[in-house]
Amino acid sequence: MSDKAPEAEVREFAVAFRAFLDWISNSARDEERNEVDVLLAEFLGAEGMAHSVVTRELPPLEHVNLQTALDAWCARPGRTVDIHGITVPPHHAPPNLQQLVTAESMAPVRLAAPALADLPNGPGSTLGCLRSAILLVTDPLGSYVLFIQGPGDHHPSLEVEVAGLPVETAQGVLAELDALRAELNVYRGHMLDVSIGPMGNVVLGFGAPPGLARDDVVLPGLVLDRIERHALGVAAHRDALLAAGQHLKRGLLLYGPPGTGKTHTTRYLLGQMTGYTRLVLTGRSLVAVGPVTELARALQPAVVVLEDVDLVAEDRTMGPRSSPVLFDLLDSMDGAAADADLLFLLTTNRADLLEPALAARPGRVDVAVEIDLPDAAARERLLTLYGRGVPLALTEADVQAAVERTDGTTASFLKELIRRSVLEALHDDPALPAVTGAHLTRALDDLLDAAQGVTRTLLGVGVDPATLPAGGLSMDSDAMMMTAGRRSRMVYIRPH
Ligand SMILES: Nc1ncnc2c1ncn2[C@@H]1O[C@H](COP(=O)(O)OP(=O)(O)OP(=O)(O)O)[C@@H](O)[C@H]1O
Ligand SMILES: [Mg+2]
């Protein structure tokens, strides 16, 4: 036996023993580290782990666009993507990618099938959007990780994070996703109702464009022509206007008494503006005009409808500056680039409340059109319009009597008159053979009855201030509820 042999054996044993100790200590560490940390460490390797994590925060309403962009991005040739969901126990805030990469997540994280938020991506369709997911990406840039954190209970924002790439390369990946979000934006060209979510975030719902024809809008020809020219004419001459150095951004205000067709006309215009992104803000959602205008600019040509703007004329935003919401609204309109093909369509029945704000911030509204109570000819047209499909058996004299008696009422009153006449006729004969002059007279008697004062007011019949009790109208609680949220309606008819 040589002296060397045991030495070699000892060395061999020492190497093996050291490997054994490493193995023990590594597996102990692996047990401490959760499966997500291990997955990331193994995928990124030491070099990948050394890079900064780059985070991009996006508005929550971009969640569905981000998913649309990701779907297209993942499918690009030369790229493989392995998606894992992560989950944390209830009441734990979800970790960010930095915490996952450095194994410093406070919450015990586990791998799971990816959780999805099912979000509308078109009228009548939805898309499952990743809520908390790790994407292990391999492409010509290398092996890197994207982390998607969608808005949720403990986390109001939307974030995309990149780990495993040099900062500039990671920014390039985020820019590629931005470009795809813009290109494939699911909101472009649609009609969208804007509302405010529980966390104060902007929520967009796909609406069906109203199928109103020009004949469905009963307004003096010149008035409707003027509205159409301003709203639709600019769109028709877009290129010629731009070539002549003229701006496309425009503001149209429709004002007049309640029930005369401001909203109706707006809906008609929206139906005509196919190809436009149409964003409708009303009531509480008017405060979102800033972000919505930005969105409209990105998705132009676009229309932003601001319904009943007087509702925010006196409201003030929170904070030290405390400016009226209406001023913020007008400022947002001004912020949009002049060459953007943007139409702001405002409606109000309190032009008097709006005037000082508009005078203080000129240039926002270029055309203001008054929509007045219907004249005799218009009232007759309205009776015909809303009598379509009704078995009317009216003589010329019946119609003329109704037209005369409805002087001072609104279009919505005439619509209701037809409905009441049908009810009167049904009362006489449920088979509804015909609606006669007698039914029309009875319905009108009922609607114009002095005891129906509040109903008339709600339908927009002019009220003689002399007949009102001192201090304005008193309403029963039902009527109050019907007008809740539309406080300016009642102010309109109050005597000054
Ligand atoms: N000019 C009109 N032509 C045809 N229908 C009309 C017209 N005006 C009103 N109507 C009918 O009456 C309904 C109520 O009118 P609309 O909501 O447009 O009134 P408005 O002027 O917007 O009132 P408000 O100031 O209360 O918002 C409409 O949905 C429509 O059916
Ligand atoms: Mg309206």
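Residues numbered from 1 in each chain as written. Chains lettered and ligands numbered in written order. Predicted model: local features only at pLDDT ≥ 70, side-chain atom pairs only at ≥ 80, totals over all residues. Heavy atoms only, no water.

Undergrad: Hey, could you go over the overall build of the protein chain for me, with residue numbers and the actual values?
TA: Looking only at helices and strands, one finds 18 helices and 17 strands in the protein chain. Taken across its 496 residues, the protein chain has 44% of its residues classed as buried. Pairs at least 24 residues apart make up 70% of the contacts formed inside the protein chain by residues separated by at least 6 positions. For the protein chain, the accessible surface area stands at approximately 24,800 Å², while carbon and sulfur atoms represent 56% of it. (Helix = DSSP H or I, 4+ residues; strand = E, 2+ residues; numbered from the N terminus. Buried < 20%, exposed > 50% of the residue type's maximum accessible area, 1.4 Å probe, protein only. Contact = heavy atoms within 4.5 Å. Areas by Shrake-Rupley, 256 points an atom, 1.4 Å probe, with all protein chains shown as cover.)

Undergrad: Hey, could you go over a nonpolar patch on the surface for me, with residue numbers and the actual values?
TA: Nonpolar side chains collect at one region of the surface, where Phe13, Phe17, Phe20 and Leu21 lie side by side and expose about 420 Å² of accessible area between them. Position of Phe17 among the secondary structure elements: in helix α1 (residues 4-32). (Patch = residues over 30% accessible without salt bridge, like charges linked within 9 Å, V, L, I, M, F, W, Y side chains within 5 Å. Salt bridge = Lys/Arg side-chain N within 4 Å of Asp/Glu carboxyl O.)

Undergrad: Which residues make up the confidence of the model for the protein chain, and what are the values?
TA: Per-residue pLDDT for the protein chain has a mean of 84; in total, 85% of the residues score no lower than 70. Within the protein chain, helix α3 (residues 63-74) carries the highest mean pLDDT (98), whereas helix α18 (residues 487-493) carries the lowest (31). Taken together, the stretch residues 463-496 has pLDDT below 50 and engages in 42 contacts with residues farther than four places along the chain or on a different chain. (pLDDT = per-residue confidence, 0-100.)

Undergrad: A description of the side chain of Arg250 should follow, citing residues and the corresponding values.
TA: Tracing the backbone shows Arg250 in strand β11 (residues 250-255). Among the polar contacts made by the side chain of Arg250, one reaches the main-chain carbonyl oxygen of His230 at a distance of 3.2 Å. If near-sequence neighbours (up to four positions away) are discounted, Arg250 is found in contact with His230, Ala231, Val234, Ala235, Met273, Tyr276, Asp341, Leu342, Leu343, Phe344 and Asp366. (Polar contact = N/O pair within 3.5 Å; in protein donor to acceptor, adjacent residues only side chain to side chain.)

Undergrad: Give me the pattern of salt bridges: which residues, what numbers.
TA: According to the stated counting rule, one finds 21 salt bridges in the structure shown. It is possible to trace a salt-bridge network through shared partners that takes in Arg56, Glu62, Asp178 and Arg181.

Undergrad: I'd love a proper account of the layout of surface pockets, names of residues and values included.
TA: Quantified by volume, the second largest pocket comes out at close to 490 Å³. Lining the second largest pocket are 19 residues, with Pro60, Leu119, Pro151, Asn201 and Val203 positioned closest to its centre. Listed by contribution, the elements that provide at least two residues to the lining of the second largest pocket are α3, β4 (116-122) and β10 (202-207). Among the residues making up the lining of the second largest pocket, the classes are represented as 14 nonpolar, three polar and two charged. Counting contributing residues per domain, the lining of the second largest pocket is built from domain 2 (35-183) and domain 3 (191-196 + 202-370), each supplying no fewer than three. (1 Å grid on protein atoms, 1.4 Å probe; cavity = no way out; pocket = protein on both sides within 12 Å on 5 of 7 lines; lining within 4 Å. Points joined across faces, edges and corners; volume = space filled by probe spheres on them. Nonpolar A, V, L, I, M, F, W, Y, C, P; charged D, E, K, R; others polar. Domains from an automatic or database assignment.)

Undergrad: Lay out helix α8 (residues 262-272) in plain terms, naming residues and giving numbers.
TA: Along α8, the residues classified as buried are Lys262, Thr265, Thr266, Tyr268, Leu269, Leu270 and Gly271. Check the buried side of α8 and you find it contacts β9 (191-196), α6 (221-236), β11, β12 (277-282), β13 (302-307) and β14 (342-348).

Undergrad: Describe the site of ligand 1, listing the residues and the values that go with them.
TA: Surrounding ligand 1, one finds 22 residues, the nearest of these being Gly259, Lys262, Thr263, His264 and Tyr386. Between Val218 and ligand 1, the recorded distance is 2.8 Å, taken from a backbone N or O atom to a nitrogen atom. Between an oxygen atom of ligand 1 and a main-chain N or O atom of His264, the distance comes to 2.8 Å. Secondary-structure elements contributing two or more residues to the shell around ligand 1 are α8, α12 (376-387) and α14 (411-428). Across the shell around ligand 1, the residue classes tally to nine nonpolar, seven polar and six charged. Each of domain 3 (191-196 + 202-370) and domain 4 (376-462) contributes no fewer than three residues to the shell around ligand 1. (Near = heavy atom within 4 Å.)

Undergrad: Can you tell me about unusual backbone geometry, naming the residues and giving the values?
TA: Here the residue pair Gln300 and Pro301 is connected by a cis peptide bond, since its omega of 0° sits within 30 degrees of zero. Structurally, the position occupied by Pro301 is in the loop between α9 (289-298) and β13. Phi is positive for His91, close to 70°, though the residue is something other than glycine. Checked against the element boundaries, His91 lands in the loop between β2 (80-87) and α4 (97-101). A positive phi is found at Asp308, a non-glycine position, where the angle reads about 55°. Structurally, Asp308 can be placed in the loop between β13 and α10 (325-335).

Undergrad: Hey, could you go over the packing of α12 against helix α13 (residues 396-405) for me, with residue numbers and the actual values?
TA: To characterise two packed helices, one gives the angle between the axes of the helices and the distance between these axes. Between α12 and α13, the shortest axis-to-axis distance is 9 Å and the interhelical angle comes to 120°. In terms of orientation, α12 and α13 fall into the oblique class. Crossing handedness for the pair α12 and α13: right-handed. Together, Ala376, Arg379, Glu380 and Leu383 of α12 and Glu396, Val399, Gln400, Ala402 and Val403 of α13 make up the contact between the two elements. (Axes fitted to C-alpha atoms, helices over the stretch in contact; angles between N-to-C directions. Parallel < 35°, antiparallel > 145°, perpendicular 65-115°, else oblique. Left-handed = near helix turned anticlockwise from the far one by under 90°.)

Undergrad: Got a sec to walk through the sheet that holds β13? Specific residues and values, please.
TA: Strand order in the open sheet formed by seven strands is β10-β9-β12-β13-β14-β11-β15, with mixed pairing between adjacent strands. Among the strands making up the open sheet, the edge pair consists of β10 and β15 (367-370). Strand-to-strand twist of the sheet, defined as the mean angle between neighbouring strand axes without regard to direction, takes the value 20°. Relative to β10, β9 is paired through six bridges, and the arrangement is antiparallel. When the sheet's bridge partners are listed, Leu192 is paired in β10 with Phe206. The sheet strands contacting α9 are β9, β10, β12, β13 and β14, and the helix crosses β12 at an angle near 170°. (Pairing = 2+ DSSP bridges.)

Undergrad: Could you give me a rundown of the nonpolar core, with the residues and numbers involved?
TA: Judged by nonpolar contacts, the single largest core of 41 residues is most densely connected at Tyr187, Leu204, Leu279, Leu281, Leu306 and Leu329. With five residues, the top contributor of residues to this core is α10. Residue assignment places this core across two domains, with domain 2 (35-183) and domain 3 (191-196 + 202-370) each supplying three or more. Once residues lying within four places of it in the same chain are set aside, the contact partners of Tyr187 are Leu61, Val64, Asn65, Leu192, Leu204, Phe206, Thr277 and Leu299. (Core = buried A, V, L, I, M, F, W, Y, C linked by side-chain atoms within 4.5 Å.)

Undergrad: Tell me about the environment of Leu417, residues and numbers included.
TA: As for its placement among the helices and strands, Leu417 is situated in helix α14. Of the residues examined, Leu417 reaches a relative accessible area of 0% and is grouped as buried. With 27 residues separating them along the chain, Leu417 and Leu444 place their C-alpha atoms 6.6 Å apart. Setting aside residues no more than four positions away along its own chain, Leu417 makes contact with Leu383, Thr406, Leu440, Ala443, Leu444 and Leu447.

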